[in-house]
Amino acid sequence: MSTGVIIALIVIVAVVVAVVAVLAVRARGSHGGGGLKRRFGPEYDRAVARHDGDVQAAERELAALVERHGGLRERPLEPAERERYEARWTATQEHFVDSPREAVAEADRLVAELAGARGFPDAGQYEEQVAALSVHHARHVQGYRSVHRLAGAQGKADGRADGSSEAAAPGTEDLRGALLEARALFEDLLAPARGELTSKKTETSTTATARHDDHGRHLPRAFQRHQPKES
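Let me begin by describing the structure that accompanies this report. Worth saying up front: this structure is predicted, and the values here are computed from it rather than measured. (Residues numbered from 1 in each chain as written. Predicted model: local features only at pLDDT ≥ 70, side-chain atom pairs only at ≥ 80, totals over all residues. Heavy atoms only, no water.)

The next thing to look at is the overall build of the protein chain. Of the regular secondary structure elements, the protein chain holds 10 helices and 0 strands. Helices (α) and strands (β) of the protein chain occur, in sequence order from the N terminus, as α-α-α-α-α-α-α-α-α-α. Across the 231 residues of the protein chain, 37% fall into the buried class. Within the protein chain, contacts between residues separated by at least 24 positions form 68% of all contacts whose residues are at least 6 apart in sequence. Counting every atom, the protein chain has about 13700 Å² of accessible surface; 55% of that belongs to carbon and sulfur. (Helix = DSSP H or I, 4+ residues; strand = E, 2+ residues; numbered from the N terminus. Buried < 20%, exposed > 50% of the residue type's maximum accessible area, 1.4 Å probe, protein only. Contact = heavy atoms within 4.5 Å. Areas by Shrake-Rupley, 256 points an atom, 1.4 Å probe, with all protein chains shown as cover.)

Below is the structure:
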């Protein structure tokens, strides 16, 4: 074998090794610490806290979630279907004025139902549903946890007869805050993916409902903080 051929083979091997190294670095970047932190946002920090600061354990957990649910493709909603969900959420917010506890329970059920309609695990698999949502809607999934937790806390409080503070029902402001948090996930799930068909009515409605803040301003009137009437 001539010297030129040997040199050419060495060069080819070196190029192949370099390409493999670059691909490996990219793979680590997309599934490693930096990529996981970008993908999961606040969920990354919660995972680290859940593992008492053990970053590697938290990243193993999050990487496993991506492996299990990363391939999920959300099912498009028909325009009429989207409008029905939007109308039901509006009714839930209006119900909050008179029955905050019932409204939060309704919001919990409605988010679970909408997530199932979009192709996530159904409401009967809450933990799996939340796990999948954390992969695809990481920045808003905590709101769903909040309404689900408070809905459950209310049920426990209702089941206690001794009136102990440990089982006390959550206050109205806690319920309001949870509902606002859950609304962010609801809107995220309701929003059409790129290329989905929507009706003009739904586009206008979704844009309007997104105009709110954590203090209750710019929300539908029925969901504003209830002011006592002057006598």
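What follows is about the packing of helix α4 (residues 55–69) against helix α7 (residues 126–136). The contact between α4 and α7 brings their axes to 9 Å, and the two run at 95 degrees. With respect to α7, the axis of α4 lies roughly perpendicular. Here Leu65, Val66, Arg68 and His69 of α4 lie close against α7, whose contacting residues are Glu128, Ala131, Ala132, Ser134, Val135 and His136. Per-class residue counts for the contact of α4 with α7 are 5 nonpolar, 3 polar and 2 charged. (Axes fitted to C-alpha atoms, helices over the stretch in contact; angles between N-to-C directions. Parallel < 35°, antiparallel > 145°, perpendicular 65-115°, else oblique. Nonpolar A, V, L, I, M, F, W, Y, C, P; charged D, E, K, R; others polar.)

The next subject is α4. The end-to-end C-alpha separation of α4 is 21 Å, in line with the 21 Å expected for 15 residues at 1.5 Å each. Listed in full, the buried residues belonging to α4 are Ala57, Ala58, Glu59, Leu62, Leu65, Val66 and His69. Measuring from the side-chain oxygen of the N-cap residue of α4 to the backbone nitrogen of Gln56 gives 3.3 Å; that N-cap residue is Asp54. (Expected span 1.5 Å × (residues − 1). Polar contact = N/O pair within 3.5 Å; in protein donor to acceptor, adjacent residues only side chain to side chain.)

Trp89, Val111, Leu133, Tyr144, Phe186 and Leu189 are the most contacted members of the largest nonpolar core, which has 31 residues in total. With 9 residues, the single largest contributor to this core is helix α6 (residues 100–117). Apart from residues no more than four positions distant in its own chain, Leu189 is found in contact with Glu74, Val111, Leu114, Ala115, Arg118, Phe120, Leu133 and His137. Counting 12 residues, the second largest nonpolar core, distinct from the first, contains Phe40, Tyr44, Ala47 and Leu62. (Core = buried A, V, L, I, M, F, W, Y, C linked by side-chain atoms within 4.5 Å.)

Take the pattern of salt bridges next. Inspection of every chain in the model, using the stated rule, returns 8 salt bridges. Between Arg145 and Glu43 there is a salt bridge, with its nearest N and O atoms 2.7 Å apart. Taken together, the residues Arg145 in helix α8 (residues 141–159) and Glu43 in helix α3 (residues 42–50) connect sequence positions 102 residues apart. Its relative accessible area of 4% is what places Glu43 among the buried residues. (Salt bridge = Lys/Arg side-chain N within 4 Å of Asp/Glu carboxyl O.)

Looking now at the packing of α3 against α4. Two numbers describe how α3 lies on α4: the axes approach to 8 Å, and their chain directions differ by 125 degrees. Taken together, the axes of α3 and α4 lie oblique to each other. As for the relative orientation of α3 and α4, their crossing is right-handed in sense. Packed against α3, whose contacting residues are Tyr44, Ala47, Val48 and Arg50, the element α4 presents Val55, Ala58, Glu59, Glu61 and Leu62 at the interface. Split by residue class, the contact of α3 with α4 holds 6 nonpolar, no polar and 3 charged. (Left-handed = near helix turned anticlockwise from the far one by under 90°.)

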